[in-house]
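Here are the chains, one letter per residue:
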Amino acid sequence: MGFEEAIPPIPDRQQELRYIHKVEESFRAQPLYKLYMNEALRTRKMEYAENYNKFRKNWWVNFFYSGLIFGTLFYIPVSYAYRADYFGIPFIYKPYTVAISNGGAVRQQFIKRFKLLAAVTTVFAWSYATRVADWSLIEDEYLEDYGPRVPKFD
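Parameters at a glance
Residues numbered from 1 in each chain as written. Predicted model: local features only at pLDDT ≥ 70, side-chain atom pairs only at ≥ 80, totals over all residues. Heavy atoms only, no water. Helix = DSSP H or I, 4+ residues; strand = E, 2+ residues; numbered from the N terminus. Buried < 20%, exposed > 50% of the residue type's maximum accessible area, 1.4 Å probe, protein only. Contact = heavy atoms within 4.5 Å. Phe/Tyr/Trp six-rings, centres within 6.5 Å; stacked < 30°, edge-to-face > 60°. Core = buried A, V, L, I, M, F, W, Y, C linked by side-chain atoms within 4.5 Å. Salt bridge = Lys/Arg side-chain N within 4 Å of Asp/Glu carboxyl O. Patch = residues over 30% accessible without salt bridge, like charges linked within 9 Å, V, L, I, M, F, W, Y side chains within 5 Å. Areas by Shrake-Rupley, 256 points an atom, 1.4 Å probe, with all protein chains shown as cover.

A.B. asks: When you look at the overall build of the chain in this model, what are you seeing that I'm missing?
C.D. replies: Across its full length, the chain holds four helices and zero strands. Counting from the amino terminus, helix and strand elements in the chain follow one another as α-α-α-α. Within the chain, the fraction of its 154 residues that count as buried is 20%. Long-range pairs, those at least 24 residues apart, make up 74% of the contacts in the chain with a sequence separation of at least 6.

A.B. asks: What should I look at first to understand the packing of aromatic side chains in this one?
C.D. replies: Two numbers describe a pair of aromatic rings. These are the distance of the centres and the angle of the planes. Within this structure, the stated rule accounts for 11 aromatic pairs. Both rings, one in F74 and one in F124, keep their centres 5.0 Å apart while their planes meet at 45°; by these two values the pair is tilted. Placement of F74 in helix α2 (residues 42-81) and of F124 in helix α4 (residues 104-132) is noted, with a sequence separation of 50 residues between them. Within the aromatic cluster, the residues linked to one another by ring pairs are W59, W60, F63 and F64.

A.B. asks: Explain the nonpolar core here, please?
C.D. replies: Generally speaking, soluble globular proteins have nonpolar side chains that are buried together. Formed by Y48, F55, W59, F63, A125, A129, A133 and I138, the largest nonpolar core amounts to eight residues. Of all the elements in the fold, those that place two or more residues in this core are α2 and α4. Among the elements that make up this core, the one with the highest residue count is α2 (four residues). Filtering out sequence-adjacent residues up to four positions away, W59 remains in contact with W126, A129, T130 and A133.

A.B. asks: Is there a simple way to explain the pattern of salt bridges in this structure?
C.D. replies: A side chain with one charge may pair with a side chain of the opposite charge, provided their charged atoms come close. The full count for this structure, using the stated rule, is one salt bridge. For E16, the salt bridge identified is with R13, shortest N-O distance 3.3 Å. In this pair, E16 and R13 both sit in helix α1 (residues 13-29), three residues apart, roughly one turn of the helix. Note on E16: relative accessible area 33%, which makes it partly exposed.

A.B. asks: Please explain a nonpolar patch on the surface as it appears in this structure.
C.D. replies: Judged by side-chain polarity, L17, Y19 and I20 come together as a nonpolar surface patch covering roughly 260 Å² of accessible area. In this fold, I20 is placed in helix α1.

A.B. asks: Just to check I follow, could you spell out the side chain of S26 for this structure?
C.D. replies: Along the chain, S26 falls in helix α1. Overall, the relative accessible area of 16% leaves S26 in the buried class. S26 has contacts with R42 and M46, leaving out every residue within four places of it along the chain.

A.B. asks: What exactly am I supposed to notice about the environment of T121 here?
C.D. replies: In this fold, T121 is placed in helix α4. A residue is classified by how much of its surface remains accessible, and T121, at 12% relative accessible area, is buried. Separated by 52 residues in the primary sequence, T121 and I69 have C-alpha atoms spaced 8.8 Å apart. Ignoring sequence-local partners within four residues, the contact set of T121 consists of G67, F70 and G71.

A.B. asks: Would you take a moment to explain the side chain of Q30 for this structure?
C.D. replies: Along the chain, Q30 falls in the loop between α1 and α2. In this structure Q30 comes out as buried when scored by relative accessible area, which is 12%. Once residues within four sequence positions are removed from consideration, Q30 is found in contact with L35, Y36, R42 and M46.

A.B. asks: It is not clear to me how the environment of L68 should be interpreted in this structure. Could you clarify?
C.D. replies: For L68, the location among the structural elements is in helix α2. Along the backbone, L68 and T121 are 53 residues apart, and their C-alpha atoms lie at a distance of 8.3 Å.

Take a look at the structure:
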């Protein structure tokens, strides 16, 4: 996978200097938090890591925006479902109930409503972000379709 099939021709001094300059640039281009070994597939791995980070960023952006959209869409039906308790008696929001009993039934209904809304929003946001994500960026995880990148000289 990381080996050449044929022996390349011997470069002259100018080609060597250009190659050394390109290797220095590629070492400067690598991020500070990750060290890539000096091997034949080093530049390919760096490109894959960059594409993977791009994919993750796009996935999280899609997740948060779809969470905002689905959250606002599901808030009304979820709130409508929790207007009454289990016996069908509607809740009456009384300030003294909230102040005296540390929330009481009103607080419990708010917690139930929030848990259901969070669960539904998370499921829909995750499914939307996974479906919309551009998976072509990270299809070849093991770099099977790539060989070593031989530097091209002018």
